[in-house]
Amino acid sequence: MEKFIRLDALVAPLDRANVDTDAIIPKQFLKSIHRSGFGPYLFDAWRYLDRGEPGMDCSKRPKNPDFVLNQPRYQGAQILLVRENFGCGSSREHAPWALLDYGFRALIGPSFADIFYNNCFKNGLLPIVLPAEEVDRLFGECEAAPGYRLAIDLPSQSITTPEDRVISFEIDSFRKECLLNGWDDIGLTLRHADEIRRFEEAYRARHPYYFVEESAA
Amino acid sequence: MNAKTLYDKLWDAHLVRQEPDGTALIYIDRHLIHEVTSPQAFEGLRLAGRKPWRTGSIVATADHNVPTDPSETEIRDPISREQVVTLDQNIRAFGALRYFPFHDPRQGIVHVIGPESGATLPGMTVVCGDSHTSTHGAFACLAHGIGTSEVEHVLATQCLIQKKAKNMRVRVDGSLPPGVYAKDVILAIIGRIGTAGGTGHAIEFAGEAIRSLSMEGRMTVCNMAIEAGARVGMVAVDDKTLDYFRDKPLAPKGELWEQAVDYWRTLVSDPEARFDREVVLDAATLKPQVTWGTSPEMVTDIEGRVPDPASFADPVKRDAAERALAYMGLEPGTPIGEIRVDQVFIGSCTNSRIEDLRAAAAVVRGRKKAPNVKRVLVVPGSGLVKKQAEEEGLHRIFIEAGFEWRDPGCSMCLAMNADRLEAGERCASTSNRNFEGRQGAGGRTHLVSPAMAAAAAIAGHFVDVRELLPASV
Ligand code: SF4
């Protein structure tokens, strides 16, 4: 996983509540057996005027001029401002893969759906939760000022606005460590392999009925 | 005081280790796998030179991409086929306790076949790369939907990294009136608490109305816990739970069964257990529900009307309602009963079990599909459900009414196969998500119970199923 330490980047505002993972990456793209290549299809139904299919050359497709990410001022944005309950719906990890592949490294919103939130961290995408009023204010500032950037500093858990206002945010310490170091969860967990094995043995003795077929085999 | 909730008990029983900040490793009993969210996980495993920790925990099936039209014996779409073939190869290479491939008589939607085969048992931790894994909570399981990285993590370590959620109880008191089903209960709950109402919580569904539901009904309720924002939904063990598993193929037998039952009986919340949040509904006041928008919380009952966005005080909600009505092609104030439908879908892991098909058939018996309804798909959740329905003659009732009787799969729940809506088409659907484009780009979905879907197919528009039911029901 790629490390996340600091990011000073252009911000794009996506002003809708309850953006679901079907909207982030529609189901026809879930047929891929790979992790990459989803960026061109991010928000496909909103971004393009035609119907997207996997394998299409998106550079030739008609774009929806009203969709925020198609506006010239937001090209190259790496931070996405979102509204409540972003990422609700399906557990598809294709959603954070698509956001990352498009170029986003951080999301800022008042709340995220649980599974999506978790999936972001597994891929080095930082979802930041701020109070709704603060998010409102950022939306206002971002829309008012073309070229609006934010500087995110994970070690100090702070965001600095162009006017040098500093906003601090909360993050779980384990997730923070993983992001800062680019650690792979599986490697970390396997350090406890002996402990897992001991647990499993005791568990099996207590609950043999969950291991019936395996014992018979 | 050491009183525990059901969730506390399940958590404690599976806790391998916990860091000072609360990050924990939870041992996983059952890992359900399907073709869409697993290929990248197996690939990751292979790249790292790792092996599954315990293949005996794995049960796999192909469900999302498979065709449900019985005349299609092959998967025509090459990309869908590749995904199903990749699952075959991965399961063959790495192994599993059970695999129900495409064409197997027991193949079906992963959340239907898990309980049906006894792969899901009370008290287990169950994970699957699918958000509707919460379904298995109906059996007092701690069942989580997970992402693909977590699928790989569970494959490699048999554990899931978790932080404990808060405890929430949703109590539905009283008894359900005729014509009101488990689906109406969960839609009404989501309407009350909202799609983020359960975020960060594990929900236990309790109360007389939940206890009186069959196991199928409880699965319907837990299935949509995720639509209320909760990754986990549960119902405590009772006699119905135990009866359900008595003859299931993978359930323990003889002495082991007795031993299991002794443990399973403890899987209830202690009477003094504390919940961080509690919501109470009165079942007697519930009516058949119909969603009108593009989020499951945008719901009203059959006697209601499409709301006016201006009636929402919260600007974010008002904006969402405006967008939803534009997408759905609906005018504020329209009575729900005047909304006409183009297609009807009876299926999905929410409502494709035998009881759902029986409820739909009871409405359809002796009636015909309305001429304005182009197509009605009835898609059983598994090969075994299909077989049982045919033994009961339900398929004949559907076919005589002009419905299509299909093979098992996810089908038009998410339209990854050929079953889908055309842009602008309106569907009465028993599935769980009415998101934009969910059932096909531009398609318009209204979530309802199987009986309400069947009634809409007969009437050509939404109609109060209570008026169509035989008096004896
Ligand atoms: S039926 Fe629908 S919700 Fe259920 S597993 Fe299949 S696609 Fe997901």
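Residues numbered from 1 in each chain as written. Chains lettered and ligands numbered in written order. Predicted model: local features only at pLDDT ≥ 70, side-chain atom pairs only at ≥ 80, totals over all residues. Heavy atoms only, no water.

**A few points about the sheet that holds strand S16 (residues 375-378) of chain B**
All names here are of chain B.
Part 1: Pairing is parallel in the open sheet, where five strands are placed in the order S17-S16-S15-S18-S19. Looking at strand neighbours, the two that pair on one side only are strand S17 (404-405) and strand S19 (444-447), the edges of this open sheet.
Part 2: Here four bridges tie strand S15 (residues 343-346) to S16, and the two strands are oriented parallel to one another. Each bridged residue has a counterpart across the sheet, and for isoleucine 346 the counterpart in S16 is valine 378. (Pairing = 2+ DSSP bridges. Helix = DSSP H or I, 4+ residues; strand = E, 2+ residues; numbered from the N terminus.)

**Let's talk about the packing of helix H12 (residues 354-364) of chain B against helix H13 (residues 383-391) of chain B**
All names here are of chain B.
Part 1: Running from N to C, H12 and H13 cross one another at 40°; their axes reach a closest spacing of 9 Å. Taken as axis vectors, H12 and H13 run oblique relative to one another. Of the two elements, H12 crosses H13, and the hand of that crossing is right-handed. Where H12 approaches H13, its residues Ile354, Leu357 and Arg358 are matched on the opposing element by Val385, Gln388 and Ala389.
Part 2: Broken down by class, the residue content of the contact of H12 with H13 amounts to four nonpolar, one polar and one charged. (Axes fitted to C-alpha atoms, helices over the stretch in contact; angles between N-to-C directions. Parallel < 35°, antiparallel > 145°, perpendicular 65-115°, else oblique. Left-handed = near helix turned anticlockwise from the far one by under 90°. Contact = heavy atoms within 4.5 Å. Nonpolar A, V, L, I, M, F, W, Y, C, P; charged D, E, K, R; others polar.)

**With respect to the interface of chain A and chain B**
Many authors give the size of an interface as the accessible area that is lost as the parts come together.
Part 1: Chain A puts 58 residues into the contact, and the matching count from chain B is 82 residues.
Part 2: Where chain A abuts chain B, roughly 5,900 Å² becomes buried across the two surfaces, and 55% of that area is made up of carbon and sulfur atoms.
Part 3: Its largest share of buried area at the contact with chain B, chain A owes to Lys31, Tyr209 and Tyr210 of chain A, together 13% of the area lost on that side.
Part 4: As a salt-bridge pair, lysine 163 of chain B and aspartate 172 of chain A come within 2.7 Å of each other at their nearest N and O atoms.
Part 5: In this assembly, chain A and chain B are joined by 38 residue pairs in polar contact (both at pLDDT 80 or more).
Part 6: Elements that contribute at least two residues to the side of chain A that touches chain B include exactly helix H3 (94-102), helix H4 (114-121), helix H6 (173-181), helix H7 (185-190), helix H8 (193-206) and helix H9 (212-216) of chain A.
Part 7: Residue contributions to the side of chain A that touches chain B peak at eight residues, all from H8 of chain A.
Part 8: Considering only residue class, the side of chain A that touches chain B consists of 20 nonpolar, 16 polar and 22 charged. (Buried area = accessible area lost by both parts, 1.4 Å probe. Salt bridge = Lys/Arg side-chain N within 4 Å of Asp/Glu carboxyl O. Polar contact = N/O pair within 3.5 Å; in protein donor to acceptor, adjacent residues only side chain to side chain.)

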